[in-house]
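Architecture at a glance
Listed below are the residues making up each chain.
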Amino acid sequence: DTAVSQTPKYLVTQMGNDKSIKCEQNLGHDTMYWYKQDSKKFLKIMFSYNNKELIINETVPNRFSPKSPDKAHLNLHINSLELGDSAVYFCASSQGTGEWTEAFFGQGTRLTVV
Amino acid sequence: DQQVKQNSPSLSVQEGRISILNCDYTNSMFDYFLWYKKYPAEGPTFLISISSIKDKNEDGRFTVFLNKSAKHLSLHIVPSQPGDSAVYFCAAPSNTGKLIFGQGTTLQVKP
């Protein structure tokens, strides 16, 4: 029973298209995140939502828009895809935003923009 | 400005020997550190953590050491097993709740 699941696992699309990546967690966590792992393998946070409220918004282009319909879901919509958006995107969740225990990650979505 | 750094991109050890993965940080305000393990085509999974009030935390074959004065932590795996082959990330939460990751070290344990 997957704790954090994201779909699709692979996504190949052309420049200029709009795409969405979905994420769901069944852990009852209050906080969800989107991370991007770039070509240099750095994992960098993009967004964080706590109980459907945006709490972290890193310097991410406006083309990226997270949407949290409820605290178990955090979807990532990307408009006008560019070549540089190619990366692996990870969704994660954790209980709370203060004291850290651990974050649970989804398996990642490998986005390739051609 | 990379606040958490793992300067060794890869490490290869023989099965049964010790693996030592290193991590340095620059922000002295960090007071909690985590190690994550990542297999190919999977998301990172939490491995072990340490609070700055401690200098050592042990969990089975995994031990994390923290040297606050040097702003350095290390993960020791003893004995190493082939199943330990993965990418290991160290991470630290900022005071805004942002988890800052190092760039990872790929460990290969040879049978």
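Above this text is the structure in question.
Here the structure is a predicted model, which is why all the values come from computation and not from measurement.

1. Things to note about the nonpolar core
In terms of nonpolar packing, the biggest core is built from 24 residues, with Phe33, Trp35, Leu73, Leu75 and Tyr88 of chain B touching the most fellow members. Mapped onto this core, the elements with two or more residues apiece are strand S3 (19-25), strand S4 (32-38), strand S5 (45-51), strand S7 (62-67), strand S8 (72-77), strand S9 (86-93) and strand S11 (105-110) of chain B. Among the elements that take part in this core, S9 of chain B stands out by supplying four residues, more than any other. The residues touching leucine 73 of chain B, leaving out its near neighbours within four places in the chain, are Leu21, Asn22, Cys23, Tyr25, Phe33, Trp35, Val64, Phe65 and Leu66 of chain B. Counting residues in each nonpolar core, the second largest holds 20 residues, with Cys23, Tyr49, Leu74 and Leu81 of chain A among its members.

2. Digging into the sheet that holds S3 of chain B
Residue and element names in this part refer to chain B. Within the open sheet, the five strands sit side by side as S1-S3-S8-S7-S6. Their pairing is antiparallel. At either margin of the open sheet sits one strand with a lone partner, and together these are strand S1 (4-5) and strand S6 (56-59). Both S7 and S8 contribute to a ladder of six bridges, which runs antiparallel. Paired with phenylalanine 62 across the two strands is isoleucine 77, which belongs to S8.

3. Side note on the state of the cysteines
All chains considered together, the criterion is met by two disulfides over all chains. What pairs with cysteine 23 of chain A in a disulfide is cysteine 91 of chain A, and their sulfur atoms sit 1.8 Å apart. Its S-S torsion of about -75° marks the bond between cysteine 23 of chain A and cysteine 91 of chain A as left-handed, since a negative value means left-handed. Of the two residues, cysteine 23 of chain A sits in strand S3 (residues 19-25) while cysteine 91 of chain A sits in strand S9 (residues 87-94), which places them 68 residues apart along the sequence. The disulfide partner of cysteine 23 of chain B is cysteine 90 of chain B, and the gap between their sulfur atoms is 1.8 Å. Because the sign of the S-S torsion sets the handedness, a value of about 65° for the bond joining cysteine 23 of chain B and cysteine 90 of chain B places this disulfide among the right-handed ones. Taken together, the residues cysteine 23 of chain B in strand S3 and cysteine 90 of chain B in strand S9 connect sequence positions 67 residues apart. With respect to class, cysteine 23 of chain B is no different from cysteine 90 of chain B; both count as buried.

4. Description of the interface of chain A and chain B
Chain A puts 21 residues into the contact, and the matching count from chain B is 19 residues. Roughly 1700 Å² of surface becomes buried between chain A and chain B when both sides are summed, with 63% attributable to carbon and sulfur atoms. Linking chain A to chain B there are zero salt bridges. The tally of links between chain A and chain B comes to two residue pairs in polar contact (both at pLDDT 80 or more). Listed by contribution, the elements that provide at least two residues to the side of chain A that touches chain B are strand S4 (31-37) and strand S5 (43-50) of chain A. The class makeup of the residues in the side of chain A that touches chain B is ten nonpolar, five polar and six charged.

Thresholds, definitions, all that
- Residues numbered from 1 in each chain as written.
- Chains lettered and ligands numbered in written order.
- Predicted model: local features only at pLDDT ≥ 70, side-chain atom pairs only at ≥ 80, totals over all residues.
- Heavy atoms only, no water.
- Core = buried A, V, L, I, M, F, W, Y, C linked by side-chain atoms within 4.5 Å.
- Buried < 20%, exposed > 50% of the residue type's maximum accessible area, 1.4 Å probe, protein only.
- Helix = DSSP H or I, 4+ residues; strand = E, 2+ residues; numbered from the N terminus.
- Contact = heavy atoms within 4.5 Å.
- Pairing = 2+ DSSP bridges.
- Disulfide = S-S within 2.5 Å.
- Buried area = accessible area lost by both parts, 1.4 Å probe.
- Salt bridge = Lys/Arg side-chain N within 4 Å of Asp/Glu carboxyl O.
- Polar contact = N/O pair within 3.5 Å; in protein donor to acceptor, adjacent residues only side chain to side chain.
- Nonpolar A, V, L, I, M, F, W, Y, C, P; charged D, E, K, R; others polar.

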